[in-house]
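Topology and contacts: notes
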Amino acid sequence: MKHSKTCPKCQSNDLLIVNGYAGAYGSGNNILVGATIFSAIKVDRYICCKCGFTEEWIEDGGIEKLKKSKKAHR
């Protein structure tokens, strides 16, 4: 949905985007990889308004932070 601007489930283009953010006390659309808000990896959410399908996308550079984190595993 991020690139095609179309829902892969129902082909609707009526989409909403909730931008990732890091708020107080760990709130927001993020993944904390450390003990502080400054370690947050922001996660953007793409939502289809027709069928409710959602996708989550990690901000640029976030994958490398996750790979170095002890919180992620394969």
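Everything numeric here is computed off the predicted structure, so don't read it as measured data. (Residues numbered from 1 in each chain as written. Predicted model: local features only at pLDDT ≥ 70, side-chain atom pairs only at ≥ 80, totals over all residues. Heavy atoms only, no water.)

What about the environment of Pro8?
Relative to the elements of secondary structure, Pro8 occurs in the segment before β1 (15–18). Excluding its chain neighbours within four sequence positions, the residues that come into contact with Pro8 are Met1, Phe53 and Glu55. (Helix = DSSP H or I, 4+ residues; strand = E, 2+ residues; numbered from the N terminus. Contact = heavy atoms within 4.5 Å.)

Side note on the side chain of Asn29
Position of Asn29 relative to the elements: it lies in the loop between β1 and β2 (30–32). The class for Asn29 is buried, based on a relative accessible area of 8%. A distance of 2.7 Å separates the side chain of Asn29 from the side chain of Arg45, its partner in a polar contact. When near neighbours in sequence (up to four residues on either side) are disregarded, Asn29 contacts Val18, Asn19, Gly20, Tyr21, Ile41, Lys42, Val43 and Arg45. (Buried < 20%, exposed > 50% of the residue type's maximum accessible area, 1.4 Å probe, protein only. Polar contact = N/O pair within 3.5 Å; in protein donor to acceptor, adjacent residues only side chain to side chain.)

Observations regarding the pattern of salt bridges
Note that side chains of opposite charge can pair when their charged atoms are close. Per the counting criterion, the structure on display carries 2 salt bridges. With a closest N to O distance of 2.7 Å, Arg45 and Glu56 form a salt bridge. Here the residue Arg45 occupies a position in strand β3 (residues 40–48), and Glu56 occupies one in strand β4 (residues 54–58), the gap between them amounting to 11 residues. When its relative accessible area of 32% is taken as the criterion, Arg45 is described as partly exposed. As a salt-bridge pair, Glu64 and Lys67 come within 3.9 Å of each other at their nearest N and O atoms. On the criterion of helical spacing, the pair formed by Glu64 and Lys67 is a turn pair, its members being 3 residues apart in helix α1 (residues 62–68). Judged by relative accessible area, which is 53%, Lys67 ranks as exposed. (Salt bridge = Lys/Arg side-chain N within 4 Å of Asp/Glu carboxyl O.)

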